[in-house]
Amino acid sequence: CGWLADQARRASGSVPLNIAEGLGRPSRPDRDRFFKIAIGSIYETGACLEVGFKLGFLPDLRFRKLWNDCDRLTRMLGKLIRSS
């Protein structure tokens, strides 16, 4: 399903870009705003993965690994936001 793969690529690609932009911001609120946008992109990526899995485009083991990666990244960003 091409449109779903394209959407997943856009969403996942925006995660490191928003993290990088946040790290370049001088104030904590600005930085955290970009980290929260990155978390939103991780959720969007996860939704694409789930749709792909339910439509049969993604095998179970691959889905679970990628889903766990999304969960781990979300937790890491959450810790960064809380620690600042």
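Predicted, not measured: the structure shown is a model, and the values here were computed from it.

Colleague: Can you walk me through the overall build of the protein chain in this structure?
Modeller: Counting its secondary structure elements, the protein chain contains three helices and zero strands. Along the chain direction, N to C, the helices and strands of the protein chain fall in the order α-α-α. C-alpha atoms of the protein chain, sized along the principal axes, occupy 45 × 20 × 10 Å. Here the protein chain holds 84 residues, and the buried ones make up 32% of them. If you take every contact in the protein chain between residues at least 6 apart in sequence, the share linking residues at least 24 apart comes to 58%. Counting only carbon and sulfur atoms, one obtains 61% of the accessible surface of the protein chain, whose full area is about 5500 Å². One way to put it: in the protein chain the 15 positive side-chain charges average out to a point 4 Å from where the 9 negative ones average out.

Colleague: Help me understand the pattern of salt bridges in this model?
Modeller: Any two side chains of opposite charge can pair, given that their charged atoms come close. Taken as a whole and judged by the stated rule, the model has nine salt bridges. Here Asp-69 ties to Arg-72 by a salt bridge, and the two come within 3.2 Å at their closest N and O atoms. Of the two residues, Asp-69 and Arg-72 are both situated in helix H3 (residues 60-83); the distance of three residues between them amounts to about one turn of the helix. On the accessibility criterion, Asp-69 (18% relative accessible area) is buried. You can call Arg-72 partly exposed: its relative accessible area is 47%. Connected through shared salt-bridge partners, Arg-28, Arg-31 and Asp-32 make up one network.

Colleague: For this particular structure, what's the right way to read the packing of aromatic side chains?
Modeller: Each aromatic ring pair is specified by the distance between its two centres and by the angle formed by the two planes. Applying the stated criterion to the full structure yields two aromatic pairs. Between the aromatic rings of Phe-53 and Phe-63, the centroid separation amounts to 4.5 Å while the plane-to-plane angle is 10°, which identifies the pairing as stacked. Separated by 10 residues along the polypeptide, Phe-53 in helix H2 (residues 28-54) and Phe-63 in helix H3 bring together distant segments of the chain. Plain terms: the ring middles of Phe-63 and Trp-67 are 5.6 Å apart, the flat faces sit at 40° to each other, and that makes the pair tilted. Separated by four residues within a single helix, Phe-63 and Trp-67 lie in helix H3, roughly one turn from each other. Assessed through its relative accessible area of 11%, Phe-63 is described here as buried. Judged by relative accessible area, Trp-67 falls into the partly exposed class, the value being 36%. In textbook terms, an aromatic cluster arises when at least three aromatic residues are bridged by ring pairs, as seen for Phe-53, Phe-63 and Trp-67.

Rules behind the numbers
Residues numbered from 1 in each chain as written. Predicted model: local features only at pLDDT ≥ 70, side-chain atom pairs only at ≥ 80, totals over all residues. Heavy atoms only, no water. Helix = DSSP H or I, 4+ residues; strand = E, 2+ residues; numbered from the N terminus. Buried < 20%, exposed > 50% of the residue type's maximum accessible area, 1.4 Å probe, protein only. Contact = heavy atoms within 4.5 Å. Areas by Shrake-Rupley, 256 points an atom, 1.4 Å probe, with all protein chains shown as cover. Lys, Arg positive; Asp, Glu negative; His and termini not counted. Charge placed at Lys NZ, Arg CZ, Asp CG, Glu CD. Salt bridge = Lys/Arg side-chain N within 4 Å of Asp/Glu carboxyl O. Phe/Tyr/Trp six-rings, centres within 6.5 Å; stacked < 30°, edge-to-face > 60°.

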